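Take a look at the letters that make up each chain.
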Amino acid sequence: MDAHVTPPGTPVSVRFNAADPQRLSRALRDLRQGFAQRRLAGALAWLDLRNRYRGSVLGPFWLTLSTAVMLASLGLLYSTLFQMSLAEYLPWLAVSLILWNMLAQMVTEACTSLTSAESIVRQMPLPFTVHALRCVTRNALVAAHNLPLVVIVLLIFGVLPGWSGLLALPGLLLLAVNALSASLLLGMVCARFRDIAPIVGSVMQIAFFMTPVIWKPQLLSPEYHWLLLLNPFYTLLELVRGPLIEGGGNLAVWLTAIGYTVVHCAVGFAFFVRFRGRVAFWV
Amino acid sequence: MAHIIARGVSIEFPLYHMGARSLKKRLLASSPLRMRSDDANRVVVSALRDLNFSITRGERVALIGHNGAGKTTLLRTLAGIYEPVAGELEVAGIIGQMIDPGAGLDMDATGRENIVLRGLYRGMGEREAQLLAEEVAEFSGLGEFLDVPVRNYSSGMTVRLSFAMATAIKPQVLLMDEWFLAGDADFMAKAEQRLGRLVEGADVLVLATHEMGIVRRWCTRAMRLDAGRVVADGPVEQILGPEPVAG
């Protein structure tokens, strides 16, 4: 699609030469136009949410309820198993579990970000970035329904993050950047190779146990702590969890998380530049 | 100035999910001419092969040919949905596409919500979207049903809504598939008028159809596609022959 020199406010026209596909500029234009149409992505995400819970009384708050029940039961069980007080354990669990659920859900849905939009991809020349943004926005909306739980638990146990808690915001931003990159990368890879989505599902399940979500890193003897940094999920979780629970974050965690994000985005973008034009044939 | 130029345009559909090797061998052996293995040893279907044509301002082109000849694929390629694997394509002018009536329709949303959504799909601003809503509401004649989820519409009502939304455009290049021929007789009379205006207003029309009556009435030029190639291209009378005498 080229913006053409015709009357204002308009022209979508096509100029394509297979011998000189100009993949980079097309990919950049896709991203730019996708962000310009973020209101569309938002509206679609909102409709997704509404349609998913159509006719349900509590709607997405069922998720809040089930997370609450999960927190209460896991909190009681594991605080006993780990021999920690509830006050010590539950705030940690609440933040960890809710963040993990968001992350895991995001990764799972990233796999279908493009295939689920098949009917649109094959009918309209819409930037693919719109579909990725739709996926990210939908997951952010769903995750927001669990926010009250975090606040309630932190208030009950008197965990006040203070000013350093604000560091959670850039942490969330970094999570969002990763989410967008994953939606494009996994969305494309899974459109092309249909076996990837189930594999991603298994990986996420293993990652849940390998990442300190229900167990605290302190349970690991200090000499192994550096190993945790090899786990991108840990560093990303810690970006938000650290500021909320432990007052501020750890510099090593921030640096590695930024490193992972850069690599993730670079791979995602490279893939997007190279294969963007093929997506319509894949979905 | 609106125009379309295609030089050696080819589109190939890879068949990725075909599974077993033996199946692939069998398909290639029983060789429908359009299937072949490409360099990477994948099975591909040549949907469009080496198309060369140019359409200039004022031309109304009918794409004719059997099912699977590549008419809709060509429309989608012109709309910028498929990127050619070979060749060069240029479409100048604002494109309006009426290829699939149901594209982007949310069945669980009401008619009115769908109109707003369509405005967003087209990247409209607040005011434009408002105008679209009014126009579509008026033309579709759906009245109070506009506030009912589309899922509960009859098929005729869905067509009316889709048609009204799809035609609320002022394109310079109009790409149209023949789906608009569905609908009840009463609505069709109204629809034809509106389509007529749209076609008049556009600088270039490309229409895929099986209806030779429509071709004769609306088009100045016909391109016959067969198995992804243009096998005939010229003025309508030349391609279709003289109009058959009724009776």
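Note that the structure is predicted; figures quoted are calculated from it, not measured.

Turning next to the domain arrangement of chain B. Residue and element names in this part refer to chain B. Parsing chain B into structural domains produces domain 1 (3–93 + 207–240) and domain 2 (111–202). Facing 17 residues of domain 1, the contacting portion of domain 2 comprises 13 residues. Summed over both partners, the interface of domain 1 with domain 2 comes to about 1,200 Å²; 64% of that surface belongs to carbon and sulfur atoms. If you sort the residues of domain 1 by the area they bury against domain 2, Arg60, Leu207 and Trp218 come out on top, with a joint share of 39%. Seen at the junction of domain 1 and domain 2, the total is one salt bridge. A salt bridge links glutamate 192 to arginine 217, with the nearest nitrogen and oxygen atoms 3.0 Å apart. Summed over the shared surface of domain 1 and domain 2, the result is four residue pairs in polar contact (both at pLDDT 80 or more). Elements supplying a minimum of two residues to the side of domain 1 that touches domain 2: helix H2 (71–78), strand E5 (86–92), strand E8 (204–208) and helix H7 (212–218). Its residues assigned to classes, the side of domain 1 that touches domain 2 shows 10 nonpolar, four polar and three charged.

As a further point, take the environment of proline 91 of chain A. Residue and element names in this part refer to chain A. Locating proline 91 in the fold gives a position in helix H4 (residues 86–110). For proline 91, a relative accessible area of 2% corresponds to the buried category. Sequence separation between proline 91 and arginine 23 is 68 residues, and the spatial gap between their C-alpha atoms is 47 Å. Dropping the residues within four chain positions of it, proline 91 is found in contact with Leu86, Val153, Leu154, Phe157, Val159 and Ile245.

Criteria and thresholds
Residues numbered from 1 in each chain as written. Chains lettered and ligands numbered in written order. Predicted model: local features only at pLDDT ≥ 70, side-chain atom pairs only at ≥ 80, totals over all residues. Heavy atoms only, no water. Domains from an automatic or database assignment. Contact = heavy atoms within 4.5 Å. Buried area = accessible area lost by both parts, 1.4 Å probe. Salt bridge = Lys/Arg side-chain N within 4 Å of Asp/Glu carboxyl O. Polar contact = N/O pair within 3.5 Å; in protein donor to acceptor, adjacent residues only side chain to side chain. Helix = DSSP H or I, 4+ residues; strand = E, 2+ residues; numbered from the N terminus. Nonpolar A, V, L, I, M, F, W, Y, C, P; charged D, E, K, R; others polar. Buried < 20%, exposed > 50% of the residue type's maximum accessible area, 1.4 Å probe, protein only.

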